[in-house]
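The lines below spell out each chain.
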Amino acid sequence: MSLQLSLLNLLLRWQVKRRFRKNPDVNLLRPLMQQMEARNARLPADIKVEDITLGGVLTEKLTAPGTDESRAFFYIHGGGFVAGSPRTHRPLTSRLARQVGVPVYSVDYRLAPEHRFPAGLDDCVAAYRGLLEKGIAPSSIIVGGDSAGGNLTLALALRLKAEGVPLPAALVCLSPATDMTGSGASRHENAEADSLFVSEMFDSLKPAYYGDDDDRNPFLSPLFGDVSGFPPVFFQVGETEMLRDDSTRMAASLKAAGTETVLEVWPKVWHVWQLNADMLPEGREAIDHIARFAKQHLRIA
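Residues numbered from 1 in each chain as written. Predicted model: local features only at pLDDT ≥ 70, side-chain atom pairs only at ≥ 80, totals over all residues. Heavy atoms only, no water.

Here's the deal with the overall build of the protein
The following threshold applies: Numbered from the N terminus, helices here are DSSP runs of H or I no shorter than four residues, and strands are runs of E no shorter than two. The quantity called the radius of gyration is restricted to C-alpha atoms. Its globule counterpart is 2.2 Å times the number of residues to the power 0.38. Residue burial is assigned from relative accessible area. The probe radius is 1.4 Å, only protein chains are included, and a residue is buried under 20% of its type maximum, exposed over 50%, and partly exposed in between. In this analysis, two residues are considered to be in contact whenever any of their non-hydrogen atoms come within 4.5 Å of each other. Note that accessible areas follow from Shrake-Rupley with a 1.4 Å probe, and for residues the cover is restricted to the protein chains shown. Charge convention: Lys and Arg are scored as positive, Asp and Glu as negative, and His as well as the terminal groups of each chain are ignored. Charged groups are reduced to one reference atom each: NZ for lysine, CZ for arginine, CG for aspartic acid, CD for glutamic acid.
Counting secondary structure elements, the protein contains nine helices and eight strands. Computed over C-alpha atoms, the radius of gyration of the protein comes to 18 Å, within 12% of the 19 Å expected from 2.2 N^0.38 for 301 residues, which places it in the range of a compact globule. Here the C-alpha coordinates of the protein stretch approximately 50 × 45 × 35 Å along the principal axes. When burial is assessed residue by residue, the protein has 59% of its 301 residues classed as buried. In the protein, once contacts between residues fewer than 6 apart in sequence are set aside, the share between residues at least 24 apart is 78%. Accessible surface for the protein amounts to roughly 11700 Å². Of this, 52% is attributable to carbon and sulfur atoms. Put simply, the protein has 33 plus and 36 minus side-chain charges, and the middle of one group is 4 Å from the middle of the other.

Examining the nonpolar core
Short version of the rule: Within this scheme, the nonpolar core is defined by two criteria: the residues are buried Ala, Val, Leu, Ile, Met, Phe, Trp, Tyr or Cys, and they are joined through side-chain atoms within 4.5 Å.
The biggest cluster of nonpolar side chains holds 98 residues, and the ones touching the most others in it are F73, F74, I76, L96, L156 and Y209. Counting residues per element, this core draws most heavily on helix α5 (residues 148-163), which supplies eight residues. Apart from residues lying up to four places away in sequence, F73 is in contact with L96, V100, V102, P103, V104, Y105, I142, G144, V172, I290 and A294.

Observations regarding the sheet that holds strand β6 (residues 170-174)
Note the threshold: When DSSP locates at least two bridges between a pair of strands, those strands are taken to pair. Note on geometry: axes are lines fitted to C-alpha atoms, helical ones only across the stretch in contact, with angles between N-to-C directions running from 0 to 180 degrees.
Within the open sheet, the eight strands sit side by side as β1-β2-β4-β3-β5-β6-β7-β8. Their pairing is mixed. What marks the edges here is a single partner per strand, and that holds for β1 (48-54) and β8 (261-266). Neighbour-to-neighbour, the strand axes of the sheet open up by a mean angle of 20°, direction not taken into account. Relative to strand β5 (residues 141-146), strand β3 (residues 72-76) runs parallel, the two sharing five bridges. Among the inter-strand pairings, F73 is bridged to a residue of β5, identified as I142.

Brief notes about the environment of A127
Positionally, A127 belongs in helix α4 (residues 119-133). For A127, a relative accessible area of 0% puts it in the buried group. Distance in space between the C-alpha atoms of A127 and P267 is 35 Å, their sequence separation being 140 residues. Once residues within four sequence positions are removed from consideration, A127 is found in contact with L54, V57, F74 and V107.

Quick word on the state of the cysteines
For clarity, the threshold we go by: Throughout, disulfides are identified as pairs of cysteine sulfur atoms within 2.5 Å of each other.
Counted by the stated rule, this structure contains zero disulfides. Free of any disulfide, C124 has its nearest neighbouring cysteine sulfur in C173, separated by 12 Å.

Describing the side chain of T67
This is how it is decided: Counting of polar contacts relies on pairs of N or O atoms within 3.5 Å, with two restrictions inside protein: one atom must be capable of donating a hydrogen and the other of accepting it, and residues adjacent in sequence are counted only when both atoms are side-chain atoms.
Within the secondary structure layout, T67 lies in the loop between β2 (57-63) and β3. Among the residues examined, T67 registers a relative accessible area of 18% and is labelled buried. Reaching out from T67, the side chain makes a polar contact with the backbone oxygen of A64 at a distance of 2.5 Å. Discounting residues that sit within four places of it in the chain, T67 has contacts with G101, V102 and P103.

So, unusual backbone geometry
In this structure, the amide linkage connecting A112 to the following residue, P113, adopts the cis form with an omega of 0°. Examined against the element boundaries, P113 turns out to sit in the loop between β4 (104-107) and α4. Looking along the chain, the bond that leaves F117 and enters P118 is cis, with omega of 10°. Of note, P118 is situated in the loop between β4 and α4. For S147, which is not glycine, the phi torsion reads 55° and is therefore positive.

Here's the deal with the packing of α4 against α5
The condition that has to hold: With respect to orientation, any angle under 35 degrees is reported as roughly parallel, any angle over 145 as roughly antiparallel, any angle of 65 to 115 as roughly perpendicular, and every other angle as oblique. If you view the pair so one helix is near and one far, a crossing is left-handed when the near helix is turned anticlockwise from the far one by less than a right angle, and right-handed when it is turned clockwise.
As a packed pair, α4 and α5 sit with axes 10 Å apart at the nearest point and diverge in direction by 65°. Taken together, α4 and α5 sit at an angle that is classed as roughly perpendicular. Every pair of crossing elements has a handedness; the one defined by α4 and α5 is right-handed. Seen from α4, the contacting residues are L121, D122, C124, V125, Y128 and R129; seen from α5, they are L152, A155, L156, R159, L160 and E163.

In structure tokens form, the structure reads like this:
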């Protein structure tokens, strides 16, 4: 464990978890992530950014020198379905653009509570279809996301399957939320160990995001979906996260369905630590693993 990880862990517990202890409302993520956006918006000099639309949905396209435009990494940011943007996630998406060597398309989907389920998922479906309309083959697309974006990554695959749309080459899920029923043991076992969140936060997600919809709706809780025929899936999650079992149980379901599944459970890290790669060796190492998986399934030497 690096010194940077130890120090940043203490800082996050003081700055973030302490705030959620006082007010465990998922909607507080929006002002927190707006502060992140200001810090994270600056890009490395070698990364080019363009605002485009895919299927009518605003999307940020990031490219590095030597980019292969015939392939794509379609990225869905996290933020509890109520916060975040492509700009908050540039420390991760810019590294993926450089290390995988393909454009990263970071979709700016609609957020709750202004636009509740399934608006954000609809946007992801429309944007993915937009990639196909650009002439990029499904076998040349990786879809990935973190937290709420990891949920939307899996829900997108379920929607594509239901609608008869070709699935991408592979999926990448970073600490995804897969079970809105909260039935995983880690939701309670890791309530104190989790560096960012408190368990009461999850109670505020339902009214903000999906209201009276069934918690077990597979497009809300992919853990309860039919994942037969899914492409390979790669997971990274922290051992002490409350969402740990959302990954471990989802990975077990995929393996049981015969899907090639890679599950990495990292010690000592917090929820979506990859976003801190600029200062965190463990973040950079995790992104190295993601890039290696993506290149393997995009058939990039």
